[in-house]
Amino acid sequence: MNRNWRDGLNYASKLTPLRLWNMVQLVASYYASKVSGRPFHSGMPTSISLEPTTSCNLRCPECPSGLRNFTRPTGMLEEDIYRKVIDELAPRLSYLNFYFQGEPYLNPKFLDQVAYANQKKIYTATSTNAHYLNDQVAKQTVESGLDRLIISIDGTTQETYEQYRVGGKLEKVIEGTKSVVKWKKELKSNTPHIIFQYLVVKPNEHQLEDVERMAKDLGVNEVAFKTAQIYDYENGSELIPTIEKYSRYKQLANGKWAIKNKLVNHCWKMWHSCVITWDGKVVPCCFDKDAHYQLGEMKDQSFGSVWRSENYVRFRQSLIKSRSEIEMCKNCSEGTKVWA
């Protein structure tokens, strides 16, 4: 949709020589590892995800926050952990995603944390269900310097929307979007770049064109269609879309279901990014929602010591050797392509 080039230029404007050199190191070490079969690594993450909170106001199926079925505790991103991470990584960090599980705007310090990263000239993004974007919060969002705002909108009518966004009100999403668009104009700001993210499932697949029209009418910059991760997919699910393009799964001759993508023994994400939970646990990626594969702890370690630890080396080696043996990787559709 319109003005996507501005978002690209905005990101590029934050790429210092050191951040660019860091990217070169990461790509080189990733391909060296693929060729050699050993986990060679150089550089620091160019992108990370930080979890503002595990709390959420909705009860979406296929979401640990929504289902309230975490085994790890619920809480808010601790300020000392946040500052420690940002201060250490900022020189080489290009992209900061303020999201893992939960609804970021439930954390009262969320926009202050965005502003701090913005001062460090790091590209910032978040994903929200938009239920807390009242007029004041929308203004503060624009003023914080947030670069990208991903708004989940999985239907263009309340009847369709609430089939996945259980407990949600589409009217609030639309009003919140209007408020952010308004304040961008009032404050003469090109940011945040607003994306309507549409999780394609069977109950909403008939409204794909409708959401593109809605986005255009509201002044949203982009629509992104996302495939849904289904945890118990082997016997099928009412959420699996019938549109093959938007399904991660295929039905086999015996009636069972399987993941379409071939699982290869490498993963770019393990070389360029990671996830840090609200309480400082360092985990490999966004598929480790319950932090089963904890690789370090920011409360008593520097990030650098975690990133180059024996735990990380062994995990990267296991990916190169046999990724299919790692449980969370079995349902993964990402990570194999550089810059994916």
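Higher on the page you've got the structure.
Caption draft 1: Here's a closer look at the sheet that holds strand β4 (residues 148–152). If you walk across this open sheet you meet the nine strands as β6-β5-β4-β3-β2-β1-β9-β10-β11, and the pairing is mixed. Unpaired on one side and paired on the other, β6 (222–227) and β11 (296–297) mark the two borders of the sheet. Relative to strand β9 (residues 273–276), strand β1 (residues 47–50) is paired through four bridges, and the arrangement is parallel. Looking across to β9, one finds that Ile48 is bridged to Cys274. Across the face of the sheet, helix α9 (residues 208–218) comes into contact with β5 (193–200) and β6 while running at roughly 165° to β5.

Caption draft 2: Expanded view of the pairing of strand β2 (residues 95–98). Examined bridge by bridge, β1 and β2 share three bridges and lie parallel to one another. Bridged to Ser49 within β2 is Asn97. Where β2 and strand β3 (residues 123–128) come together, four bridges link them in parallel fashion. Its bridge partner lying in β3, Phe98 is registered against Thr126. Viewed along the sheet, the connection from β2 through helix α5 (residues 110–119) into β3 turns out right-handed.

Caption draft 3: A look at the nonpolar core. Ile48, Leu50, Tyr82, Leu96, Phe196, Ile276 and Phe303 are the most contacted members of the largest nonpolar core, which totals 87 residues. When residues of this core are assigned to their parent elements, the largest contribution, six residues, is made by helix α8 (residues 170–186). Apart from the residues lying within four places of it in its own chain, the contact partners of Tyr82 are Leu50, Leu77, Leu96, Phe98, Gln113, Val114, Tyr116 and Ala117.

Caption draft 4: Inspection of the pairing of β6 at higher detail. Here β5 pairs with β6 via six bridges, running parallel. Along β6, the bridge assignment pairs Ile195 with Glu222. Assessed by its sense of winding, the connection that carries the chain from β5 through α9 to β6 is right-handed.

Caption draft 5: Main features of α8. For α8, spanning 17 residues, the distance from its first C-alpha to its last is 24 Å, which sits close to the expected 24 Å at 1.5 Å a residue. Turning to α8, its buried residues are Leu170, Val173, Ile174, Gly176, Thr177, Ser179, Val180, Val181, Trp183 and Lys184. For α8, the secondary structure elements touched by its buried residues are α6 (135–144), β4, α7 (158–164), β5 and α9. Just past α8, the residue Lys188 takes up positive phi, approximately 50°.

Caption draft 6: Representation of α9. Inspection of α9 places Leu208, Val211, Met214, Ala215 and Leu218 among the buried residues, and these make up the whole buried set. The buried residues of α9 occupy an angular sector of 120° when projected down its axis, which confines them to one face. Opposite the buried face of α9, at more than 90 degrees from it, the exposed residues are Glu209, Lys216 and Asp217. Lining the buried residues of α9 we find α8, β5 and β6.

Caption draft 7: Local environment of the packing of aromatic side chains. Scanning all chains against the criterion turns up 16 aromatic pairs. Plain terms: the ring middles of Tyr95 and Tyr123 are 5.2 Å apart, the flat faces sit at 25° to each other, and that makes the pair stacked. Here Tyr95, found in strand β2, pairs with Tyr123, found in strand β3; they are 28 residues apart in sequence, far enough to count as distant. By relative accessible area, Tyr95 is classed as partly exposed at 22%. Pairwise contacts between aromatic rings join Tyr82, Phe98, Tyr105, Phe110 and Tyr116 into one cluster. The aromatic ring of Tyr116 is capped on one face by Arg83, whose charged end is 3.8 Å from the ring centroid. A cation sits over an aromatic face here: Lys289 above Phe287, 5.2 Å from the ring centre.

Caption draft 8: Spotlight on the state of the cysteines. Evaluated as defined, the whole model comprises zero disulfides. The thiol of Cys285 is unpaired, and the distance to the nearest cysteine sulfur, on Cys286, comes to 5.2 Å.

Caption draft 9: Here's a closer look at the pattern of salt bridges. If you walk through the whole model with that rule in mind, you get 13 salt bridges. For Arg148, the salt bridge goes to Asp7, with nearest N and O atoms at 2.5 Å. Taken as a pair, Arg148 in strand β4 and Asp7 in helix α1 (residues 4–12) lie far apart in primary sequence, 141 residues in all. On the accessibility criterion, Asp7 (8% relative accessible area) is buried. We note a salt bridge from Lys281 to Asp279, for which the minimum N-O separation is 2.8 Å.

Caption draft 10: A look at the packing of helix α4 (residues 79–89) against α5. Closest axis-to-axis distance for the α4/α5 pair is 11 Å, and the angle between their directions is 15°. Between α4 and α5, the crossing angle belongs to the class labelled roughly parallel. Where α4 crosses over α5, the two elements pack in a sense that is right-handed. Here Glu79, Tyr82, Arg83, Ile86 and Asp87 of α4 come into contact with α5, specifically with Gln113, Val114, Tyr116 and Ala117. Split into classes, the residues belonging to the contact of α4 with α5 amount to five nonpolar, one polar and three charged.

Calculation rules
- Residues numbered from 1 in each chain as written.
- Predicted model: local features only at pLDDT ≥ 70, side-chain atom pairs only at ≥ 80, totals over all residues.
- Heavy atoms only, no water.
- Pairing = 2+ DSSP bridges.
- Helix = DSSP H or I, 4+ residues; strand = E, 2+ residues; numbered from the N terminus.
- Contact = heavy atoms within 4.5 Å.
- Axes fitted to C-alpha atoms, helices over the stretch in contact; angles between N-to-C directions.
- Right-handed = clockwise from strand over helix to strand, strands pointing away.
- Core = buried A, V, L, I, M, F, W, Y, C linked by side-chain atoms within 4.5 Å.
- Buried < 20%, exposed > 50% of the residue type's maximum accessible area, 1.4 Å probe, protein only.
- Expected span 1.5 Å × (residues − 1).
- Arc of directions from axis to C-beta.
- Phe/Tyr/Trp six-rings, centres within 6.5 Å; stacked < 30°, edge-to-face > 60°.
- Lys NZ or Arg CZ within 6 Å of the ring centre and 35° of its normal.
- Disulfide = S-S within 2.5 Å.
- Salt bridge = Lys/Arg side-chain N within 4 Å of Asp/Glu carboxyl O.
- Parallel < 35°, antiparallel > 145°, perpendicular 65-115°, else oblique.
- Left-handed = near helix turned anticlockwise from the far one by under 90°.
- Nonpolar A, V, L, I, M, F, W, Y, C, P; charged D, E, K, R; others polar.

By themselves these figures say nothing about function.
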